[in-house]
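Close look at the chain arrangement
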Amino acid sequence: MADFDVVVIGGGVVGLAAAAAAARSGRTTVLLERHDACGTETSSRNSGVIHAGIYYPENSLKAVTCVAGRKLLYARCERDRIAHAKLGKIIVATCDDEVPKLEQIAARARNNGAGDLSWLDADTVRRMEPNVQAVAGLLSPETGIVDAHGLMDSYRAEARAYGCDVAFRTEVTQITTKGGAFQVATRAGTGETMTIECGQVVNAAGLSSDRIAAMAGLDVDALGYRLHPCKGDYFRLASHLRGLCRHLIYPVPVAAGLGTHLTLDLSGDISAGPDTEYVTAPRYDVSPDKAHEFGEALRRYVPIIRDEDLSPNYAGVRPKLQGPGETFRDFVVEDAAPHGLPGMINLIGIESPGLTASEAIANRVVELLARTHHQGT
Ligand SMILES: Cc1cc2nc3c(=O)[nH]c(=O)nc-3n(C[C@H](O)[C@H](O)[C@H](O)COP(=O)(O)OP(=O)(O)OC[C@H]3O[C@@H](n4cnc5c(N)ncnc54)[C@H](O)[C@@H]3O)c2cc1C
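Some words on the site of the ligand
In the vicinity of the ligand, 40 residues are found, and the nearest of them are E33, S43, V49, I350 and T356. In this structure, P353 approaches the ligand through a main-chain N or O atom, which is 3.4 Å from an oxygen atom. In this structure, an oxygen atom belonging to the ligand sits 3.4 Å away from a main-chain N or O atom of G354. Looking at the shell around the ligand, the elements with two or more residues in it are α1 (13-24), β10 (170-178), β18 (310-320) and α9 (354-374).

Put into structure tokens, the structure is as follows:
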């Protein structure tokens, strides 16, 4: 007898959602997290935006799980009283050359089911956001913000209610198979080691998910699972600029990110970011030297922001499958059965909109768990 039906590796928002869904489906489940709290990596270092599902190619996992996840997320926020606000967002074209790109985004968003959208002319943008300068805008009323920690608490409480424990300070160090079961070797913060036997493994290790896949014996380069960490820095706007905008304001996207945008948090503070910088390993410093670069990017659509209004805030690191200069890569949510490891569910490249999509990804995980089980492993 295995110790558990399912071991989930990683206590970020996606691992917690997957653990809650697996436990709710009747599987004995444990979640292993190497830190002493949940969500201390990417899940607490993001924009906290509930994305509508605007940008992603039609039928991609990013599009489908974002749209489904957004609806589940708003419902969960209402049910579990998670702090959130449906503020709406405006994507702005700052010059005529950007208008065709914005039109393409609008068409894609409609195909994806991103909810109501309105095309705004320059006067309407100015009326809605007097400090924003644009030749056109696209309003997405379905976009909002959420307290990411409140969301993680909700998943954790649900997991616990269905009997799933979270083991903190428990780092997975090796994964092997024996007689159709997985042996997951762990090391505790105290140095103590332990091996857990389980029927299925969910790899939700975020920035380390490629390493976990390799640990289990998968050839991550051949499978295209190698991650390219891409840092995004945020700057805080000075307090006298509170009230500068009422919506989230985004430029048209750039190659590896959505462009340096203005987001509000639930207290009304405004942040600018994230930029994009590929790094060799995750790090979270924010250099004040970038204030001018941020100022320049923001002044394209909010001319009153000065460099001295910007102070370093925090950074997050995207677990990107798309390397520098490469084209779109979708989320990987796959059972490794075709690669000889049935029952290992890999969640790799879960960058934005992973927070929004978390519950929809978790539901897919449960479908995959059921499929492997039916195949008799
Ligand atoms: C700059 C930035 C902005 C973003 N903005 C948004 C946004 O506005 N809206 C949105 O929807 N999404 C956004 N995202 C994406 C979102 O934050 C992520 O998709 C989501 O947080 C990923 O959650 P996760 O659980 O997969 O990963 P993580 O939160 O990284 O969790 C993985 C966990 O695995 C643990 N782990 C790793 N290795 C091991 C091991 N060997 N043993 C045990 N535990 C291990 C880690 O300690 C970590 O806690 C953004 C991301 C970034 C970087």
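A short note on the domain arrangement of the protein chain
A common way to report how large an interface is uses the accessible area buried once the components associate. Examined at the domain level, the protein chain breaks down into domain 1 (4-45 + 149-226 + 328-374) and domain 2 (89-141 + 228-320). If you average the C-alpha positions of domain 1 and of domain 2, the two centres end up 32 Å apart. On the side of domain 2, 10 residues touch domain 1, which itself brings 8 residues to the contact. For the pair domain 1 and domain 2, the summed buried area comes to about 900 Å², and 60% of that belongs to carbon and sulfur atoms. The three residues of domain 1 that bury the most area against domain 2 are R45, L207 and E351, which together make up 64% of that side's buried surface. For the interface between domain 1 and domain 2, the tally reads 1 salt bridge.

Some points on the pairing of strand β14 (residues 248-251)
Neither face of β14 is open: one carries L248 and Y250, the other I249 and P251, and all of them are buried. Bridging between strand β5 (residues 89-93) and β14 involves 4 bridges; their strand directions are parallel. For I91, the partnering residue across the bridge sits in β14 and is Y250.

Some points on unusual backbone geometry
In this structure, the amide linkage connecting G273 to the following residue, P274, adopts the cis form with an omega of -10 degrees. The residue P274 is located in the loop between β16 (270-273) and β17 (277-278) in this model. Here the amide bond leading from S352 into P353 is cis, since omega sits at 15 degrees, within 30 degrees of zero. Although it is not a glycine, R81 sits at a positive phi angle of roughly 50 degrees. Examined against the element boundaries, R81 turns out to sit in the loop between α2 (61-80) and β4 (84-85). At R169, a position not held by glycine, the phi torsion is positive, near 50 degrees. By the secondary structure assignment, R169 is in the loop between β9 (165-167) and β10.

Some remarks on the environment of D3
Mapping D3 onto the fold places it in the segment before β1 (4-9). Residues within four places of D3 in sequence aside, it is in contact with T195, I196 and E197.

A look at the packing of aromatic side chains
Throughout the structure, instances matching the rule amount to 3 aromatic pairs. Note on F235 and F294: the rings are 4.6 Å apart at their centroids and 45 degrees apart in plane angle, and the pair reads as tilted. Here the residue F235 occupies a position in strand β13 (residues 228-237), and F294 occupies one in helix α8 (residues 291-299), the gap between them amounting to 59 residues. For the pair F235 and F294, a shared accessibility class is recorded, and that class is buried. Taking NZ or CZ as reference, R45 lies 4.0 Å from the ring centre of Y284, over its face. In this structure, K86 is placed above the aromatic ring of Y74, and the distance from its NZ or CZ to the ring centre is 4.6 Å.

Brief notes about helix α5 (residues 148-161)
Across its 14 residues, α5 extends 20 Å between first and last C-alpha, which sits within 8% of the 20 Å expected from 1.5 Å per residue. For α5, every residue scored as buried is listed here: A148, G150, L151, M152, S154, Y155, E158 and A159. Looking at where α5 begins, the residue whose side-chain oxygen comes 3.1 Å from the main-chain nitrogen of H149 is D147. Among the residues trailing α5, G163 stands out with phi positive, at a value near 90 degrees.

Quick word on the nonpolar core
Among the nonpolar cores identified, the biggest contains 49 residues, and I91, L237 and L262 are the most heavily contacted of them. In terms of residues, this core owes the most to one element, helix α3 (residues 99-112), which gives 5 residues. Those residues in contact with L237, other than ones at most four positions away along the chain, are L244, L262, I270, S271, A272, I305, D309 and L310. Formed by 43 residues, the second largest nonpolar core is a distinct cluster that contains A18, M152, A159 and V333.

Here's the deal with α8
Those residues of α8 lying buried are A291, F294, G295 and L298. The buried residues of α8 occupy an angular sector of 100 degrees when projected down its axis, which confines them to one face. Where α8 is buried, its residues contact β13, β15 (261-264), β16 and β18.

Re the packing of α1 against α5
When two helices pack together, their arrangement is given by the angle between the helix axes and the distance between those axes. At a minimum axis separation of 8 Å, α1 and α5 run at an interaxial angle of 25 degrees. With respect to each other, α1 and α5 are oriented roughly parallel. Note that α1 runs across α5; the crossing there is left-handed. Residues V13, L16, A17, A19, A20, A23 and R24 of α1 touch α5, and the partners they reach there are L151, M152, Y155, R156, E158 and A159. Residue composition of the contact of α1 with α5, by class: 10 nonpolar, no polar and 3 charged.

Quick notes on the pattern of salt bridges
Applying the stated criterion across every chain, the model contains 25 salt bridges. For the salt bridge of R76 with D80, the shortest nitrogen-to-oxygen distance reads 3.9 Å. A residue pair is termed a helical-turn pair when its members lie 3 or 4 positions apart in one helix, as R76 and D80 do in helix α2 at 4 residues. Classification of R76 as buried rests on a relative accessible area of 3%. The exposure class assigned to D80 is partly exposed, which follows from its relative accessible area of 32%. Where D221 meets R226, a salt bridge forms, and the shortest distance between an N and an O atom there is 2.8 Å. Overall, the relative accessible area of 39% leaves R226 in the partly exposed class. Each of K231, D233, D275, E277, R283, D285 and K290 takes part in salt bridges that share partners, so that together they form one network.

Basis of the calculations
Residues numbered from 1 in each chain as written. Predicted model: local features only at pLDDT ≥ 70, side-chain atom pairs only at ≥ 80, totals over all residues. Heavy atoms only, no water. Near = heavy atom within 4 Å. Polar contact = N/O pair within 3.5 Å; in protein donor to acceptor, adjacent residues only side chain to side chain. Helix = DSSP H or I, 4+ residues; strand = E, 2+ residues; numbered from the N terminus. Domains from an automatic or database assignment. Contact = heavy atoms within 4.5 Å. Buried area = accessible area lost by both parts, 1.4 Å probe. Salt bridge = Lys/Arg side-chain N within 4 Å of Asp/Glu carboxyl O. Buried < 20%, exposed > 50% of the residue type's maximum accessible area, 1.4 Å probe, protein only. Pairing = 2+ DSSP bridges. Phe/Tyr/Trp six-rings, centres within 6.5 Å; stacked < 30°, edge-to-face > 60°. Lys NZ or Arg CZ within 6 Å of the ring centre and 35° of its normal. Expected span 1.5 Å × (residues − 1). Core = buried A, V, L, I, M, F, W, Y, C linked by side-chain atoms within 4.5 Å. Arc of directions from axis to C-beta. Axes fitted to C-alpha atoms, helices over the stretch in contact; angles between N-to-C directions. Parallel < 35°, antiparallel > 145°, perpendicular 65-115°, else oblique. Left-handed = near helix turned anticlockwise from the far one by under 90°. Nonpolar A, V, L, I, M, F, W, Y, C, P; charged D, E, K, R; others polar.

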